[in-house]
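Geometric and topological summary
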Amino acid sequence: MFMLGNTKMGSASSFSKFCLTLLLLVDVLGSTNAQLSTNFYSKSCPNLLSTVKSTVTSAINKEARMGASLLRLFFHDCFVNGCDGSVLLDDTSSFTGEKNANPNRNSARGFDVVDNIKSAVENVCPGVVSCADILAIAARDSVEILGGPKWAVKLGRRDARSASQSAANNGIPPPTSNLNRLTSRFNALGLSTRDLVALSGAHTIGQARCTSFRARIYNESNIDASFAQTRQRNCPRTTGSGDNNLAPLDIQTPTSFDNNYFKNLISQRGLLHSDQQLFNGGSTDSIVRGYGNSPSSFNSDFVAAMIKMGDISPLTGSRGEIRKNCRRVN
Ligand code: HEM
Ligand SMILES: *[C@@H]1O[C@H](CO)[C@@H](O)[C@H](O)[C@H]1NC(C)=O
């Protein structure tokens, strides 16, 4: 029992120590409450998930690639100052945002779909749901709609009031990265090497531009010769010609979320230099083989890694804001 009635010398100081402990405890519990949770909007916006899902579904029905684009936006958001919706901000006179950073310029897409989701959500619960959370839900829905696993998304992120082009240039690894560079960036964000391989399985859907894989298909030797030839047909050798011509990241099933990405790597048909780095005689070969052999182990590791990625430095509590328009701070 606490000795509140104790009148001995020193009791005042032990009482104040007790109060301090209580305050610290409340503080810890408070910050625990400020963490993300799967039921964050269950009272404030009960129809949130169905509202997002129907907009994502119609966007993917119109264009299957949009699922890939939405998944990638979530990655590009989380890897730059955490999952805070910063990638969605347009440039302003006070900051140059992330949309025109190297990894995003002429490449990141789906912003209009995010706007549509946000409008639909604002119609049912105005001023409640963050753009950062909308990205997390849209990414989850995209994976599920394209045939991948489904998981409970953690929510409660708030939106950044700024964005940084240089943070995006430094935060998202380029496709020229070697394995060391990839693992060190993922590890710096608390993601393991296994998470890196699992998350890279996102390249089972979507497209890349010629400029992202030209050097690989003309100059590298760890590539299947007939695959290289196929890709060269629509990606001219000379820089500046056909730079934006597209090719699927997964040559087999580019609109299905499956484990063919890993089978491609095993047969030296990774499209990006960074893809093939994961199966190039190094420490991650065995992980790639494991996912290539077992869709279920890929799926469960992918889900775990997506949840970890979604936990990167969220703004919670009273930090940040709930943006009204995902492109602008309030
Ligand atoms: C491991 C490091 C990664 C690198 C170096 C990388 C690089 C790239 C590049 C260069 C493209 C093509 C961009 C273009 O040419 O326009 C791309 C596309 C894509 N990336 Fe990654 N990526 C990585 C990890 C991830 C992760 C972790 C995810 C999601 C979990 C992801 C999801 C996607 C998707 C879905 C596309 C296709 C987007 C579309 O079709 O619009 N990537 N990535
Ligand atoms: C291939 O490598 C050579 C020698 O490093 C370089 O000059 C050339 O630009 C590269 N070609 C492509 C398509 O990257």
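Our structure's up above, just so we're on the same page.
Definitions and limits used
- Residues numbered from 1 in each chain as written.
- Chains lettered and ligands numbered in written order.
- Predicted model: local features only at pLDDT ≥ 70, side-chain atom pairs only at ≥ 80, totals over all residues.
- Heavy atoms only, no water.
- Core = buried A, V, L, I, M, F, W, Y, C linked by side-chain atoms within 4.5 Å.
- Buried < 20%, exposed > 50% of the residue type's maximum accessible area, 1.4 Å probe, protein only.
- Helix = DSSP H or I, 4+ residues; strand = E, 2+ residues; numbered from the N terminus.
- Domains from an automatic or database assignment.
- Contact = heavy atoms within 4.5 Å.
- Near = heavy atom within 4 Å.
- Polar contact = N/O pair within 3.5 Å; in protein donor to acceptor, adjacent residues only side chain to side chain.
- Areas by Shrake-Rupley, 256 points an atom, 1.4 Å probe, with all protein chains shown as cover.
- Nonpolar A, V, L, I, M, F, W, Y, C, P; charged D, E, K, R; others polar.
- Donors = N, O, S within 2.8 Å, 3.2 Å for Na, K, Ca; no water.
- Expected span 1.5 Å × (residues − 1).
- Disulfide = S-S within 2.5 Å.
- Phe/Tyr/Trp six-rings, centres within 6.5 Å; stacked < 30°, edge-to-face > 60°.
- Lys NZ or Arg CZ within 6 Å of the ring centre and 35° of its normal.

What about the nonpolar core?
Leu 48, Leu 71, Phe 74, Leu 88, Leu 278, Phe 302 and Met 306 are the most contacted members of the largest nonpolar core, which totals 69 residues. The element that contributes the greatest number of residues to this core is helix α5 (residues 131-145), accounting for eight residues. In terms of domain composition, this core takes at least three residues from each of domain 1 (48-172) and domain 2 (179-309). Contacts of Leu 71, omitting those with residues within four sequence positions, involve Ala 139, Val 143, Ala 202, Ile 205, Phe 257, Phe 302 and Met 306.

A closer look at the site of ligand 2
Around ligand 2, a shell composed of Arg 214, Ala 215, Tyr 218, Asn 219 and Arg 237 is seen. Interatomic distance of 2.3 Å between a side-chain N/O atom of Asn 219 and an oxygen atom of ligand 2. Computed on the free molecule, ligand 2 has an accessible area of 360 Å², of which 37% lies beneath the protein chains in the complex. Residues belonging to the shell around ligand 2 are distributed by class as follows: two nonpolar, one polar and two charged.

Here we look at the coordination of the iron atom of ligand 1
Exactly one protein atom donates to the iron atom of ligand 1; that atom is His 203 (NE2), 2.0 Å from the metal. Relative to the assigned elements, His 203 resides in the loop between α8 (193-200) and β1 (207-209).

Section: helix α3 (residues 65-78)
Think of an α-helix as 3.6 residues a turn; residues three or four steps apart then line up on the same face. For α3, built from 14 residues, the straight-helix expectation of 20 Å at 1.5 Å per residue is met to within 8% by its first-to-last C-alpha distance of 21 Å. In terms of burial, α3 is a largely internal element, eleven of the 14 residues being buried. Inspection of α3 places Met 66, Gly 67, Ala 68, Ser 69, Leu 70, Leu 71, Leu 73, Phe 74, His 76, Asp 77 and Cys 78 among the buried residues, and these make up the whole buried set. Check the buried side of α3 and you find it contacts α2 (48-62), α4 (111-124), α5 and α14 (295-310).

Comments concerning the site of ligand 1
For ligand 1, the set of nearby residues contains 26 residues, the closest of which are Arg 65, Ser 69, Ser 107, His 203 and Ser 212. The side chain of Ser 69 places a nitrogen or oxygen atom 2.7 Å from an oxygen atom of ligand 1. Here His 203 contributes a side-chain N or O atom positioned 2.9 Å from a nitrogen atom of ligand 1. Counting residues per element, the ones that place at least two in the shell around ligand 1 are α3, α7 (179-188), α8 and β1. Residues of the shell around ligand 1, tallied by class, amount to 14 nonpolar, eight polar and four charged. The two domains that each donate at least three residues to the shell around ligand 1 are domain 1 (48-172) and domain 2 (179-309).

A closer look at the state of the cysteines
Tallying each qualifying case throughout the model produces four disulfides. The disulfide bridge from Cys 78 ends at Cys 83, spanning 2.1 Å between sulfur atoms. Looking along the S-S bond of the Cys 78-Cys 83 disulfide, the torsion reads about 115 degrees, which is the right-handed sense. What makes Cys 78 buried here is its relative accessible area of 0%. Each sulfur in the disulfide pair Cys 131 and Cys 326 lies 2.2 Å from the other. Between Cys 131 and Cys 326, the disulfide has an S-S torsion of -90 degrees and is therefore left-handed. One end of the pair, Cys 131, is in helix α5; the other, Cys 326, is in the segment after α14, with 195 residues separating them in the sequence. A relative accessible area of 0% means that Cys 131 is categorised as buried. Accessibility expressed as a relative area gives 1% for Cys 326, which makes it buried. The connectivity of the disulfide-linked cysteines in the protein chain, indexed sequentially, is 1-4, 2-3, 5-8, 6-7.

Details of the packing of aromatic side chains
Applying the stated rule across the entire model yields twelve aromatic pairs. Between Phe 262 and Phe 298, the ring centres sit 5.0 Å apart and the planes meet at 65 degrees, which makes this aromatic pair edge-to-face. One end of the pair, Phe 262, is in helix α11 (residues 260-266); the other, Phe 298, is in helix α14, and 36 residues separate them in sequence. Exposure remark for Phe 298: the relative accessible area of 0% places this residue in the buried category. Grouping aromatic residues by their ring pairs yields a cluster made of Trp 151, Phe 257, Tyr 261, Phe 262, Tyr 291, Phe 298 and Phe 302. Lying over the aromatic face of Phe 111, Lys 99 brings its terminal NZ or CZ to 4.3 Å of the ring centre.

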